[in-house]
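# Geometric and topological summary
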Amino acid sequence: MAAQQQQQQQQQQQGIGAIPPGGMQQATSIQQQLSQQQDVDPVQRFKMLIPQLKESLQFVMKIASSNLGHNTAIDNGIKANDVPAQRFDKSLEEFYALCDQLELCLRLAYECLSQSIDSAKHSPNLVPTATKPDTVQNESLSYSQYLGMIKSQISCAKDIHNALLECSKKIAGKGQPQGIM
């Protein structure tokens, strides 16, 4: 505990990890936003990330432009401002991180869609519930039909499981030397 406090004091002296005044509220609000974003569906999260991606791209282009102008001035022998050039690699890294998040959102949305399509394909008819008898449709299954469908799905899953076990045993058997019995 004392080592952690000492490390925090050193970081605060160096300006690392120090929370500015009023920053505690900002940190709390950021944590709340992150927890809310995790609850949002992937398409909504994608829509929320697009403006951030645009800003990040604009920032990358701005830094690239200023660094190019700075380097051109130095190459031409013109005394450039003593302002240090901004880090292009860090801004580009932030841009790529946002792109990765967008890619994950799209993949998750695609997986959700394909799972929904498979669900509709393998169980297209609804089973009426006792709490909502008015939602009974002509296409809905009776409970006994639903049980039959579930039993057939379970037997299919067992068959696949057994086939995979047999294959794994055959593969494991081929890996053993033939001379030892």
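The structure presented is a predicted model; accordingly, all values stated were derived computationally and were not measured.

### With respect to the overall build of the chain
- Helix and strand content of the chain: 5 helices and 0 strands.
- Secondary structure of the chain in N-to-C order comes out as α-α-α-α-α.
- Looking at the chain residue by residue over its 181 residues, the buried ones come to 12%.
- Surface exposure of the chain reaches about 15400 Å², of which carbon and sulfur atoms provide 57%.

### Details of the pattern of salt bridges
- Summed over the entire model, instances satisfying the criterion amount to 2 salt bridges.
- Salt-bridge contacts for Asp89 lead to Arg87; the nearest nitrogen and oxygen are separated by 2.7 Å.
- Take Asp89: its relative accessible area is 41%, and that puts it in the partly exposed class.
- You can call Arg87 partly exposed: its relative accessible area is 49%.
- Where Glu103 meets Arg107, a salt bridge forms, and the shortest distance between an N and an O atom there is 2.7 Å. With a gap of 4 residues between them, Glu103 and Arg107 both fall in helix α4 (residues 88-122), about one helical turn apart.
- Classification of Glu103 as partly exposed rests on a relative accessible area of 36%.

### Focus: helix α3 (residues 42-75)
- For α3, built from 34 residues, the straight-helix expectation of 50 Å at 1.5 Å per residue is met to within 8% by its first-to-last C-alpha distance of 47 Å.
- The principal kink in α3, of about 25 degrees, is found at Leu49, preceding the proline Pro51 by one to four residues.

### What about the environment of Ser65?
- Mapped onto the elements of the fold, Ser65 is located in helix α3.
- Under the relative-accessibility criterion, Ser65 is labelled partly exposed at 49%.
- Taking the C-alpha atoms as reference, Ser65 lies 9.9 Å from Phe88; in sequence the two are 23 residues apart.

### Comments concerning the nonpolar core
- Core analysis: the biggest nonpolar cluster contains 7 residues, these being Leu49, Leu53, Val60, Phe95, Leu98, Leu102 and Cys105.
- Every element with two or more residues in this core is listed here: α3 and α4.
- Of the residues forming this core, the biggest block, 4 residues, is contributed by α4.
- Among residues more than four places away in sequence, those in contact with Leu49 are Leu98, Gln101, Leu102 and Cys105.

### Points about α4
- For α4, with 35 residues, the first-to-last C-alpha span of 51 Å sits near the 51 Å given by 1.5 Å per residue.
- What α4 keeps buried is the set Ser91, Phe95, Leu98, Leu102, Cys105 and Ala109.
- Against α3 lie the buried residues of α4.

### Quick word on the packing of α3 against α4
- Two numbers describe how α3 lies on α4: the axes approach to 9 Å, and their chain directions differ by 160 degrees. The orientation of α3 relative to α4 falls into the category roughly antiparallel. With respect to the hand of their crossing, α3 and α4 are arranged in left-handed fashion.
- Its residues assigned to classes, the contact of α3 with α4 shows 21 nonpolar, 5 polar and 2 charged.

### A short note on the side chain of Ser56
- On the secondary structure map, Ser56 appears in helix α3.
- Ignoring any residue separated from it by four or fewer positions in sequence, one finds Ser56 in contact with Ser91, Glu94, Phe95 and Leu98.

### Focus: the confidence of the model for the chain
- Across the chain, pLDDT averages 75, with 62% of residues at or above 70.
- Here residues 1-24 is a poorly scored stretch, pLDDT under 50, and it has 3 contacts once near neighbours within four places are set aside; other chains count.

About the thresholds
- Every chain begins its residue count from 1, and numbering advances along the sequence as written.
- A pLDDT threshold of at least 70 governs which residues receive local features in this predicted model, and a stricter bar of 80 or more applies before side-chain atom pairs are shown or counted, although totals over entire chains, interfaces and linings include all residues.
- Hydrogens and water are ignored here; the side-chain numbers use all heavy atoms of the structure.
- Put simply, DSSP marks the helices as runs of H or I at least four residues long and the strands as runs of E at least two long, and each gets a number from the N terminus on.
- Only protein chains enter the accessibility calculation, which uses a 1.4 Å probe; a residue whose area is less than 20% of its type maximum is buried, one above 50% is exposed, and one in between is partly exposed.
- Using the Shrake-Rupley algorithm and a 1.4 Å probe, accessible areas are obtained, with residue cover drawn only from the displayed protein chains.
- A side-chain nitrogen of Lys or Arg and a carboxyl oxygen of Asp or Glu constitute a salt bridge if their distance falls within 4 Å.
- Given the number of residues in a helix, its expected span is that number minus one, multiplied by 1.5 Å.
- Values of bend correspond, residue by residue, to the angle between axes fitted over the seven residues ending at that residue and the seven starting there.
- Only buried residues count toward a nonpolar core, which is a set of Ala, Val, Leu, Ile, Met, Phe, Trp, Tyr and Cys residues joined through side-chain atoms within 4.5 Å.
- Two residues form a contact once any of their heavy atoms are found within 4.5 Å.
- Axis definition: a line fitted to C-alpha atoms, limited for helices to the stretch in contact. Angles are taken between N-to-C directions and run from 0 to 180 degrees.
- In these notes the angle categories are as follows: under 35 degrees is roughly parallel, over 145 is roughly antiparallel, 65 to 115 is roughly perpendicular, and the rest is oblique.
- Crossing handedness is read from the near helix: turned anticlockwise from the far helix by less than a right angle, it gives a left-handed crossing, and turned clockwise, a right-handed one.
- Residue polarity is assigned by list, with Asp, Glu, Lys and Arg as charged and Ala, Val, Leu, Ile, Met, Phe, Trp, Tyr, Cys and Pro as nonpolar; anything else, Gly included, falls into the polar class.
- Per residue, pLDDT captures the predictor's confidence, and it can take any value from 0 to 100.

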